[in-house]
Every structure is written in structure tokens, then in C-alpha cells.
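Spelled out, the chains give:
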Amino acid sequence: MSTRPALMIFALLSACTPSQEPERVALEVVLDGTEITESTNDAGWTVTLTTARIAASSLQFTIQGEMHAATAWLPGWIVGRAWAHPGHYAGGDVTGELVGDFVFDWFAGDGLGLGTADVLVGNYEGLNFTFRSSSAADGLTADDPLLGHTAHFVGVARKGEVAVGFTAVFDVDAAAQMVGAPFETTVDAGVSAPIELRFLPTDPVEGKSLFDGVDFAALDALDMNTDGLATIAPGDVAHNIVRRALQSHVHYAATSK
Amino acid sequence: MASQRVIEARELSVAPRRRSADDLLRMVPGVLLSQHGAEGKGQQLFLRGFDAAHGSDVEVLVAGIPINELSNIHGQGYLDLNFMIPEVVRQISVSKGPFQIQQGNFANAGSIRFELGVEPNARGTRVGYELGSTIRHRGVVLHAPRSLGRDSFLALEAMKDQGFAPGRQAQRVSSLNQIRLVRSPTFGTLDLLGAGYYATFGSPGALAASDVSAGRVPFDGVYQGDGGGSSLRALSSLRHQVALGGGRLEQRVYGQFRHFDMLENFTGDLQDPVHGDRRAQMHRFFSGGYQVEYTRPLAERLSLAVGGAWQGDSISQSDTRVDAEHGVVQRNWDLGVGQHQAHARAGLRWNATKWLTLEGGARADLFAYDVIDHLHADRQKRVLGRASPRLLAAFRVGERWSLFTAYGRGLRAPEARSILAGTTTPSDVVLDRYKGGTAKIFPSDAVEVGARFTGKRMVTVGLAAFGTWIERELVFDHVSAVNLELNSTRRLGVEIDVAVRPREWLELRQDLTLVHARFVESGAAVPGAPPLLSATTLTLVHPSGLRAGARLQVVGARPLPHGARAATYALLDLSVGYRRGPLELGVQVDNATNTRWKEGEYHYASHWNANDPRSTLPRLHFIAGPPLAVRLATTLYFM
């Protein structure tokens, strides 16, 4: 028997299919402030925001993988991203990202692009980002209230006839992450629609407000002057209450139409 | 079963790529091995659509002793077979799928049993030396007196190998001895087995394919040169076999000490930009076990097999992130574990007619854990159990054909760390992060239908179709310390083997395995499992003293996570030897075509270059397979 056919098959098999990376697409990420609506907290205060800014970095988009539905909402960050050891795939990995430092300014920057994300094709479930302290490198002026802090909100809280204007700045621990905000979309090779990043003062599922636990009248009275103006700053009790909610995934979402 | 296979000493003696007993697993049809350390570290196994990692779904026994390490810190069911000396492996028995009641924990894909001994035609005393092109030296001394039976031998092996590239260095010394102490018509036989083994090995880690293509690191290079580990084993067993009450009783008591440690880094400094992501793992245990099996006929056509076993392990294990000087950065795990594994089984074999044989039975497995978390001052206990039915039917159709069908339930017990899951989630866990599911035994349900044709002289043909379904596989993620439940999977496949033996001394064999492994709902491929595995083997053992072996293995493109795909490759390994009188000369040639191939391929995120963006996106990584290597061996036989 001739060995030639066997050698040809051998050569063919050993050469015909190289390794292959999954397809990647480039999608623009833009801010979408249209979902910032009035939010009523558990003390009956209805908050209307006029400024909402957060300093953050490293947007990540995660797939559910093949985790069972019982754990479907499991944040991608927590499953290790195959870091531990090759071959021990568990799903839920980060497969899309936009690297860089950003200030999410949902009012002044509504509709503006943050950059172009690098995204593997797949079925996406979640969004993560990392909080950070802002700096002059973000283009902030020396008198900008956000400078040196993580988040800055300005708004008015109303309850009956009472209105309290407020300014709030928050510090979130360096490298703390917001994990698992919904980003439910299928990205395939033909997708080009931008990813819209939203801030939601009210949790759309349970109706909880970002400002739950805050009594704005009490805040107004803290300075012994009920002038209808209040501030929330690091060290305040209200700061720590809101900061906790600020890190929850329920106040963010991303979509790609 | 059609898929059962027994590989005899004759075939093993000429197996190519026979560097260690670990490599003998390559002889098992349908098994794919991937070494992502150096020789001495357990290999990654794939069988029947399972990525069994380091042994989580393939049960392996050596001389009847279970070798899979339940709760090993490096991987569940970790297998290290390097303590075996290839010259004293007399048989490998392969039972794919979980269809027999003897098959226990980890046998979801199948069981592989190594039997030790030296066959009569190979007995005597011999001294061998092997010199390899990778600056490899291996010496072996085997003493198997002809006056003793095949179960008695003394063997000693020492090996040092620089490896084909950085990070592949390995050395070991091993002693494996077995002797029949008692051979009495009244009291039966008593065999003592003793083994001692120590090895050190390198660990090259995986390279990002993009770094290799950009010329930043050679194809077979390393990012860091300090990866590696050591492995130590002391093992002893006493086996008693006796005829009793019209049946046969076999019992075994064994004890073992193991130490394993290793340092590795697969991700550079992605997790820790300051100190890097090196991880040091240590796993050490003492274990003791007892097994008993009794078989006897109940009637002319009916026989009974009952048995049971217990094994207790006392484990100390740790996992630590360390810096470049190997100083401690973060302690991830520091556990003390006491665990027990026990089972009882019973089965009947009924030769209903001369053409129909039925086997049925069940086993009940019990696992008990007592886990002390030294880092979090926590202690958890858990007892888990599960029953597994097994059924087989064999039909003989004429003189040449046999048909088989079987159903079996396999199982994999959770590792000790998963018992703590939900109580040791990371300290920065806040708000609504998932704390994981409950550790449990997960079962698999498997069926097989097959046929075997046995020709008069020359040809045997086997065909088996199999399916394995897992409703909810539980994966313990050791980074986040949570138990993750995966969606349902099914693995469907076909195995074909054809053996042609035109002469008594010559056999040609073709094994082909095709697997379609998918998640049921999404239809996505189960990552890791090779869809095609082909092995073409030639075995020549001529009475003149000439021996030769050749194997061409073809591995289909394995699906990787996130839609990536590994490369297809084909490897040709050769061996040839000639014995004249007391002298035998041999040559082994690995990768005879010098194919540039990737032994392991993975898809995950890493960061190795300070100037690169710190991306968490997964990308292809690989570990280079060995290039052409030649080993010359000479063996001197003393009668």
C-alpha cells in the first residue's frame, strides 16, 4: 500500500486549522442621561437632580457564560475571569472593555462619547466599572466641587411645601467596583450601535432611591440655619448612607439598541 | 462493553513517547493529555467530551489503590502517576463511562486501572540507561527473579532532564516494589507493595499568542523562570486474596503520605500590578484506606459481587499569592481538612442464556468533610451521600459478534474548600454579591450502545455510541470561593476501533473518537473537549528481538471559552528496539516530523508587559509542545 495518501492526510490535518480568537467588534460608549428622572426616597423626599457626575475607570462588559439561571445575575467580577488557572473555565467572564479614566457627566455630557469599547461577540449580561478620585487630569478646574472626590450631585429635594437644595460630594474607596449592572444584549459581528451608559436614581426593580435614608430637612438644619440649602460631604452620616447605594449595580444600566 | 480496552505489557513495551508512566495514559484510546507544567506535574486530561482538568472526571487506580486526590489544592481529583515506573506496568484496563459498580468517585468519563507486575517472558534482572536529546539521563534497575511470580519485583528509577526549553527541567527518583509474602492454599496470597517517589519540575506557564507573534517572547519561551514545584509520595499496601466459601475474597489495606507544592503564574501582574500574580500552593496529606470485595456464584448462571471501601485523609493545604522574591503578599487559603470517603456496592451477574448476559447493581457513596479555615477561624462539617445504579447487557450474536448496552450513573464529590463556600467570600464583599451555592455531589447519567466483531485470526472491530448528561454541574471557583452551577450539558459521541493482526508479531490499530459536547439550552460547545481524536498505532514485537512502535495522533480543534478555538495538530511518535542476548538497544523519537505545535491552549486574560494597556479581555495563550526529541536506551539483562 502506498504511504503517500496517508502522508497527505497527515499534512492536511496538521496544517489546516490554526488557533482562532473570537471575533471582536468596536462599539462606541456614550452617556445617556434621559433616564435620570425624579426619585422619591423612603422618607418621602422627591429628588430632582441637575448635576450627576461620577469619576470612574475601566468599563467592563460581562457575559453570563453557562452559569445556571439560578445564578444568572451573578456579577462577572466575582467569578474570577479564568484568572486562577487555565482550563478551569467557569463562565461569567469579562469579554468587553473600555479602558481609561472617565468622568460620567450625565447632564452636561448627555450623548457624548466616552470612547470605543473592544467587545468580543457574545450574549452580554452585565456591566462593571471602577470608582476613583477625580483629578486635574480630568480637566476639572481648581474650584470644581468634584475635584479630589468620586461623585458630585446637585439637586433639589421636595416634600410637600418644603424644598431643600443640596450639593453632595462622595468619596468611594479607591479601586472599589460597581459590579453587575444590567447590560443585556447580543453582540455579533454586524453590531455597530453604540452602548449607552445610564444612571438610574431609582432602582427600576425594587423602586429604591439612591437617597433612601436621607432626611433633607434634618440636613438643612445641621448648619443651624434652615435656609433651604444642604450639603453632603465625606464624614457625614448621609454621605456614608448614599455612598453605599452609589456602589450598587441597581443604579446603572447599559443598552445597545 | 465495546469500549473496554485492555492494553497488555507487550504493547506497552514498545509504546512511543514513553518518558514516564504518566505518558502511558496516551495509550488509552480517546484520552488526550496536555502537560502545562514539566514532566513531574500532573497532566490535564480529556476523555469522552470531558475536560477532566487534572483528573476530576477520570478515575485512576494503581494496583487497586485510588490515585485521584480528593480536595487537592491544585485541582480536584489531581492525578500524579509519575511515581510509577513504566517497566513494571503490566496492564492498563480502561472502562469508559460509569457502567460498572466498581467505578467510584470521578468516574464520569471513565476509569483507568494500572496493574503492576512483570510478565514471565520479561523477568530477570536488568539495568537500563537512557540518554535523550534534551540532556536527559534516565537509569532504571529492575529485579524480577524468575523463581517468583509476575506480581513480585523490585524497581528503581532515577531521571534528570534539562527539557527542550526553559521551564521544562525535571528530575525524579522513584522506587516501586512488590513482593508476594504468603502463598498458601489455605490462607491465600499476601502481596506487599511499597513505593517511594520524589520529583522536582519546572513550570513554564502559558504565553500570550499575541506576544509570541510580536516577537516579544520565543514560541517555547517563558515570561518568568521561577515556576515549578516538587512532588513526594510514600505508599504502601497489603493485598490479601483467598478462596472463601465457594467464592473469592480480596481485601487491601493501604497508607500513603503525599506532599505537593508548586509556584506558578499564568496571568503576569493582571491582578496585582505591584507584586505580580505568582501563586504558591502546598498540599500535604496522610491517608489510610481499606477495601474489600467478595465474589461468588449463587447458582449455575448467577454470581454475586459485593464490596466496599473506606479512605480517610488528613490534609493540610495552602494557597498564597507571593511576590518575585516569593515573599507572602496575600494568603488565599490555609486549611486543615479531615475527610472520609466510603462506599458499599452490590451487583449480580446473570448469564441468562449462552447468548445473553446481564449485570446489575448499585453503589452508595458517602463523603464526610471536616474543614478548618485557619485564615478566618472558621470550621465547617458536611456529610454527603449518593446512590448510583449501574446496568449492563451483553448479547452474543453468533461466534463473531457481540452487542452491548449499558446505563450508569457517575459522580464527582465536591472538594473540601467548597464546603466553606458562602462563609469565606472575599472580605470586600458588599451589598448584593452572590455567595454561592451549596457544595454537593453532582451526578452524571451515561448510556452506551456498542458492538464488537472478533475475527477468526486477524481483525477485531469495535463500535460504541455513548451519551452523557449532566443536569447541573457544580464548579467550585477558587478565586471567588463560590460554588457555581452550570447549565445542563450533554456529550454524545462515537468510538471506533479497528485492529488488524496479519502476523502474531504485528498489529495495526486505528482508534477514532468523535464527540459532540454541548450545553443543552444554548447549544454552545463545552469548552476544552476535543471533538475528534484519532490514533493510528503500529506494534511490532518480532521473535527475532526486533521491537517497534509507531503512533500518529490527530487532535481536532478544541473549542475554548468565549468562542475561541484551539489549533488542530498531528503528532508522529516512533520507537524501535532490538535485543540480542543480554543486550537491548532502543531508540524513541518523539514528534518525528518536528511539528511546531501547541500542547495546551487557553483563552483568558493576562498582563505581562508594563507598556501594554491593562486589558482584562481574554486572549489566546498556549504552551509549546515538545519538538523533535530522540532518546537512546540500552538495557543489559542478567538472568
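Note that the structure is predicted; figures quoted are calculated from it, not measured. (Residues numbered from 1 in each chain as written. Chains lettered and ligands numbered in written order. Predicted model: local features only at pLDDT ≥ 70, side-chain atom pairs only at ≥ 80, totals over all residues.)

Asks: I tried to follow the overall build of chain B on my own but got confused; where do I start?
Replies: Scanning chain B from terminus to terminus reveals three helices and 35 strands. For 639 residues, the compact-globule estimate of 2.2 N^0.38 gives 26 Å, and the C-alpha radius of gyration of chain B, at 24 Å, lies within 12% of that figure. Its C-alpha atoms give chain B principal-axis dimensions of about 70 × 50 × 45 Å. Expressed as a percentage of the 639 residues in chain B, the buried residues total 50%. For chain B, the share of sequence-separated contacts (at least 6 apart) that also reach a separation of at least 24 residues comes to 65%. (Helix = DSSP H or I, 4+ residues; strand = E, 2+ residues; numbered from the N terminus. Rg over C-alpha atoms; globule rule 2.2 N^0.38 Å. Buried ≥ 20, exposed ≤ 12 C-beta atoms within 10 Å, placed from the backbone. Contact = placed C-beta atoms within 7 Å.)

Asks: I tried to follow the overall build of chain A on my own but got confused; where do I start?
Replies: Summing up its helical and strand segments, chain A has three helices and 12 strands in all. For chain A, the proportion of its 257 residues judged to be buried stands at 47%. Across chain A, every contact between residues at least 6 apart in sequence was considered, and the portion connecting residues at least 24 apart equals 79%.

Asks: Sorry, what's going on with the pairing of strand β10 (residues 195-199) of chain A here?
Replies: Moving residue by residue along a regular strand, the side chains alternate between the two faces of the sheet. Residue and element names in this part refer to chain A. Taking burial as the measure, the five residues of β10 include four buried ones, the bulk of the element. In terms of strand pairing, strand β1 (residues 24-32) meets β10 through four bridges, oriented parallel. Within β10, the residue paired with D32 across the bridge is R198. Sheet analysis places β10 next to strand β12 (residues 252-256), joined by five bridges and oriented antiparallel. Of the residues in β12, the one forming a bridge with L197 is A254. (Pairing = 2+ DSSP bridges.)

Asks: Any chance you could explain the sheet that holds strand β3 (residues 44-47) of chain B here in plain terms?
Replies: Adjacent strands of a sheet pair through backbone hydrogen bonds, lying either parallel or antiparallel. An order of β2-β3-β4 (chain B) is seen for the three strands of this open sheet, with the pairing classed as antiparallel. With partners counted over all chains shown, the strands left at the sheet margins are β2 (32-34) and β4 (50-51) of chain B, one partner each.

Asks: Explain the confidence of the model for chain A here, please?
Replies: Any segment with low pLDDT has predicted coordinates that should not be analysed in fine detail. With 84% of its residues at a pLDDT of 70 or more, chain A has an overall mean of 85. Across residues 70-91 of chain A the pLDDT falls below 50, and counting only partners more than four positions away or on other chains, this stretch makes 81 contacts in the model. (pLDDT = per-residue confidence, 0-100.)

Asks: Sorry if this is basic, but what is going on with the sheet that holds strand β14 (residues 207-208) of chain B here?
Replies: Residues and elements named next belong to chain B. The sheet built from three strands is open, its strands ordered β14-β34-β33 with antiparallel pairing. Looking along the sheet, the strands with just one partner apiece sit at the ends: β14 and β33 (598-604). Relative to strand β34 (residues 619-624), β14 runs antiparallel, the two sharing two bridges. In the sheet register, A208 faces β34, and the bridge partner there is H621.

Asks: Can you help me understand the nonpolar core in this one?
Replies: Soluble globular proteins: nonpolar side chains tend toward being buried together. Membership of the largest hydrophobic core comes to 146 residues, with the highest contact counts inside it found for V242 of chain A together with M84, V88 and V89 of chain B. The element that contributes the greatest number of residues to this core is strand β3 (residues 46-63) of chain A, accounting for nine residues. The contacts of V242 of chain A, once residues within four sequence positions are left out, are A168, F170, L210, F211, V214 and I232 of chain A. Core analysis: the next-biggest nonpolar cluster, separate from the first, contains 15 residues, L70, F285, A421 and A439 of chain B among them. (Core = buried A, V, L, I, M, F, W, Y, C linked by C-beta atoms within 7 Å.)

Asks: Explain helix α3 (residues 237-246) of chain A to me, please; I cannot follow it from the model alone.
Replies: Because each turn of an α-helix spans 3.6 residues, side chains separated by three or four positions in sequence point in the same direction. All names here are of chain A. Within α3, the full set of buried residues consists of A238, V242, R243, A245 and L246. Buried residues of α3, viewed axially, fall in a sector of 160 degrees; they line one side. Tucked into the core, α3 has its buried residues touching β7 (151-159), β8 (162-170), α2 (216-221) and β11 (229-232). (Arc of directions from axis to C-beta.)

Asks: Sorry, what's going on with the confidence of the model for chain B here?
Replies: All names here are of chain B. For chain B, mean pLDDT is 92; residues scoring 70 or higher make up 96% of the total. Across residues 423-435, confidence stays below pLDDT 50; counting only partners more than four residues off in sequence or on other chains, it has 24 contacts. Predicted as a complex, the structure gets a pTM of 0.90 and an ipTM equal to 0.84.

Asks: When you look at the pairing of strand β17 (residues 279-297) of chain B in this model, what are you seeing that I'm missing?
Replies: All names here are of chain B. Sheet topology note: the strand β16 (residues 247-264)/β17 ladder contains 17 bridges and is antiparallel. Residue pairing across strands places R258 opposite F285, the latter belonging to β17. The hairpin formed by β17 and strand β18 (residues 302-322) contains four residues between the paired strands.

Asks: So what exactly am I meant to see when it comes to the environment of E23 of chain A here?
Replies: Residue and element names in this part refer to chain A. Summarising the element assignment, E23 is placed in the loop between α1 (4-15) and β1. Taking the C-alpha atoms as reference, E23 lies 5.8 Å from L120; in sequence the two are 97 residues apart. Leaving out residues up to four positions away in the same chain, E23 has contacts with V121 and A189.

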